[in-house]
Amino acid sequence: MIKDYSKHYSNLTKLMGELGAEMPEVMGGFNTLHEASIKEGVLSSKNKELIALGIAITVRCDGCIAFHVHDALSAGASSEEIMETIGVAILMGGGPALVYGCQAMEALSQFVVLER
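Reading guide: rules and limits
- Residues numbered from 1 in each chain as written.
- Predicted model: local features only at pLDDT ≥ 70, side-chain atom pairs only at ≥ 80, totals over all residues.
- Heavy atoms only, no water.
- UniProt positions renumbered as here; feature names shortened; annotations may be inferred.
- Helix = DSSP H or I, 4+ residues; strand = E, 2+ residues; numbered from the N terminus.
- Expected span 1.5 Å × (residues − 1).
- Buried < 20%, exposed > 50% of the residue type's maximum accessible area, 1.4 Å probe, protein only.
- Arc of directions from axis to C-beta.
- Polar contact = N/O pair within 3.5 Å; in protein donor to acceptor, adjacent residues only side chain to side chain.
- Salt bridge = Lys/Arg side-chain N within 4 Å of Asp/Glu carboxyl O.
- Phe/Tyr/Trp six-rings, centres within 6.5 Å; stacked < 30°, edge-to-face > 60°.

Asker: Requested: an account of the UniProt feature "domain: Carboxymuconolactone decarboxylase-like" (unreviewed entry) in the protein, with residues and values cited.
Answerer: According to UniProt, the feature "domain: Carboxymuconolactone decarboxylase-like" (unreviewed entry) maps to residues 24–106 in the numbering used here. The annotated region residues 24–106 carries 84% helix and 0% strand content, and the separation between its end C-alpha atoms amounts to 33 Å.

Written as structure tokens, this is what we have:
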């Protein structure tokens, strides 16, 4: 079954908002950590999103893949940069990362179609 990554992204965004209403301190802390970690620095936000995507693939997190493919594209990553990131994740994560790398490639194709 092919996942609809745009819907998955939207649903997780909604659920995180609901979780934030129930746990404002926890989600506020996480949001502060996220913003501080992804902001421009010595590494660009784009490169940080690509790193996060590689980690998402190796730890096998569907939701993380949806978020970081989306956010890497938003930060200016090209499809080619995302594909190279998938390749490095497969190197580091082996067979399981290969499967999740395929899912990241599917997410990329879905988000790129939405941008057109």
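Asker: Any details on helix H1 (residues 5–22)? Residues and values, ideally.
Answerer: Look at H1: 25 Å from first C-alpha to last across 18 residues, which is about the 26 Å you get at 1.5 Å a residue. All of the buried residues in H1 are Tyr-5, His-8, Tyr-9, Leu-12 and Gly-20. The arc that holds every buried residue of H1, seen down its axis, measures 110 degrees, which confines them to one face. With respect to the buried face of H1, the exposed residues turned more than 90 degrees away are Lys-7, Ala-21 and Glu-22. One side-chain oxygen at the N-terminal end of H1 lies 3.2 Å from the backbone nitrogen of Ser-6; it belongs to Asp-4.

Asker: Describe the pattern of salt bridges, and please don't skip the residues or the numbers.
Answerer: What the rule picks out here adds up to three salt bridges. Between Asp-62 and Lys-3 there is a salt bridge; the shortest N-O distance is 3.4 Å. One end of the pair, Asp-62, is in helix H4 (residues 62–74); the other, Lys-3, is in the segment before H1, with 59 residues separating them in the sequence.

Asker: Summarise the packing of aromatic side chains; cite the residues concerned and give the values.
Answerer: Using the criterion set out here, one finds two aromatic pairs in the structure. Each ring, one from Tyr-9 and one from Phe-67, has its centre 4.6 Å from the other, and the planes form 50 degrees; the classification is tilted. On the criterion of sequence distance, the pair formed by Tyr-9 in helix H1 and Phe-67 in helix H4 is long-range, its members being 58 residues apart. You'll find Tyr-9 and Phe-67 in the same group, each marked buried. These aromatic residues form a ring-pair network of at least three members: Tyr-9, Phe-67 and Phe-111.

Asker: If you had to explain the environment of Gly-95 to someone new, which residues and values would you point to?
Answerer: Examined against the element boundaries, Gly-95 turns out to sit in helix H5 (residues 79–115). Between the C-alpha atoms of Gly-95 and Thr-58, which are 37 residues apart in sequence, the distance is 9.7 Å.

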